[in-house]
Every structure is written in C-alpha cells, then in structure tokens.
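Tertiary structure, described
Chain residues, written in single-letter form:
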Amino acid sequence: MNVSPRPNSIMQAAVFHGGDRITIERVAMPDVGTGEVLVRVSRTALCGSDFKLWHKGAEFTAGHEIFGVVEQPGHRLHGLRCAVYIPLHCDHCAACKRGDTQMCLEVSSLIGWNRPGGYAEYVPVPENCLLPVPDDIEDSLAPLLLDTIGTSGHAVRFVSRVVP
Ligand SMILES: [Zn+2]
Ligand SMILES: [Zn+2]
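Notes on the structure follow. All values derive from a computational prediction rather than experimental measurement. Residue indices follow the written sequence of each chain, beginning from 1 at its first position. In the order they appear in the text, chains get letters beginning with A and ligands get numbers beginning with 1. In keeping with the model being predicted, local features are shown solely for residues with a pLDDT of at least 70 and side-chain atom pairs are shown and tallied solely at 80 or more, while totals for entire chains, interfaces and linings include all residues. With hydrogens and water set aside, each side-chain value is computed from the structure's full complement of heavy atoms.

1. Observations concerning the coordination of the zinc ion (ligand 2)
Here a donor is an N, O or S atom found within 2.8 Å of the metal, or within 3.2 Å if the metal is Na, K or Ca; sites may look incomplete because water is not among the atoms. The protein atoms donating to the zinc ion (ligand 2) are Cys-90 (SG), Cys-93 (SG), Cys-96 (SG) and Cys-104 (SG), with metal-donor distances spanning 2.3 to 2.4 Å. Geometry is assigned from donor-metal-donor angles: four donors are tetrahedral when every angle falls between 85 and 135 degrees, four are square planar and six octahedral when opposite donors sit over 155 degrees apart with all other angles between 65 and 115, and any other arrangement is irregular. Bound by four donor atoms, the zinc ion (ligand 2) shows angles of 105 to 116° at the metal and therefore tetrahedral coordination geometry. Only protein chains enter the accessibility calculation, which uses a 1.4 Å probe. A residue is then buried if its area is under 20% of the maximum for its type, exposed if over 50%, and partly exposed in between. Under the relative-accessibility criterion, Cys-90 is labelled buried at 17%. For Cys-96, a relative accessible area of 8% translates into the label buried.

2. Notes on the nonpolar core
Within this scheme, the nonpolar core is defined by two criteria: the residues are buried Ala, Val, Leu, Ile, Met, Phe, Trp, Tyr or Cys, and they are joined through side-chain atoms within 4.5 Å. One finds Val-39, Val-70, Ile-111, Val-123, Val-125 and Leu-130 to be the most contacted residues of the largest nonpolar core, which totals 15 residues. Each helix corresponds to a stretch of at least 4 residues labelled H or I by DSSP, and each strand to a stretch of at least 2 residues labelled E; elements are numbered beginning at the N terminus. Within the residue set of this core, elements represented by two or more residues are strand E3 (36-44), strand E4 (66-70), strand E5 (81-84) and strand E6 (122-126). The biggest single contributor to this core is E3, with three residues. Contact between two residues is taken to exist if any of their heavy atoms lie within 4.5 Å; hydrogens are not considered. With residues near it in sequence (within four places) discarded, Leu-130 still touches Val-37, Val-39, Val-70, Leu-77, Cys-82, Ala-83 and Val-125. In terms of nonpolar packing, the next biggest core, distinct from the first, is built from seven residues, Ala-13, Val-32, Leu-38 and Tyr-122 among them.

Written out as structure tokens, the structure reads:
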C-alpha cells in the first residue's frame, strides 16, 4: 500500500445511518492502494439506489455517480478531470478481455457499494477506473456520463444488435 499524500489529515464524509439520517463526519483520509490514485470529489450525483441507504442505513459512505480531479502530486495523472467507473476489474481475465469489465472474474468490488464512495471529499480510485472527462463538459453535468447516459447508451447499442 502506498500512503495517502496527507497521511495525518482528516476529511469530511457523509455517513448514512438509516431512518433518513445522514451526518457529515470527520474521518481519516483514505489509504491509497497500489495502482490507485486519490480523487478529490467535485460532484457526486444522487442515484435512486441511494434512497435505500438513506432510509435503511448502512453506517457507510455511499455515492457511486462520482466526478472529480486526480490529486496525486507527482503522478502522471495528477490534475486529470475524471468520472469514476465503479466496478473494480483486473483487465486480464476472459470477461475483461471481451470488454465485460463489470463481470470481472478476478475482482468483484464496487466503489460506493462495498468500498467507500463519493459522498466524501476524497475517494481512492484504481487507475483503470478513471474515465477522463473532456474540458467542454462542465463539472455539474459530468456525473451524468455514468448511469444516466451510460446505461441508456448501452441499451441502445444492445437493442441495435437485435432490432435492425
Ligand atoms: Zn447509480
Ligand atoms: Zn477481470
């Protein structure tokens, strides 16, 4: 494990307790694993699936529609504006090789589901989960590139294979 660039500092993160209660807590900066970078979160969009956590709770920092900027001084990706592709994946297994990285056979973890998500100031993200966002897409619209446009785009592409 590498050490976060601010090993002793604290960040703010939203914790979903259930019973419609969310608190902003001061928590330790996350560790940044090998092959990962720290992303300073600019926007995290609310997704319908977050409502379950809001009502039922998880004592967890959710958030999986994440846009931010890589903050890893000295790293080649420092300063990159990026959306976060949440399924961790190996890039080498049969599923990854055919492009189905969301069904990776080696790693199954989702940022914002079984590791802390984007309702925080910072989130550690594997380099292969960073989706660069062009400069002409403003911060507030960037999270829409994920579920909102991605899911619809995938559906249209899928249907075009079966409907001529
Ligand atoms: Zn979502
Ligand atoms: Zn894989």
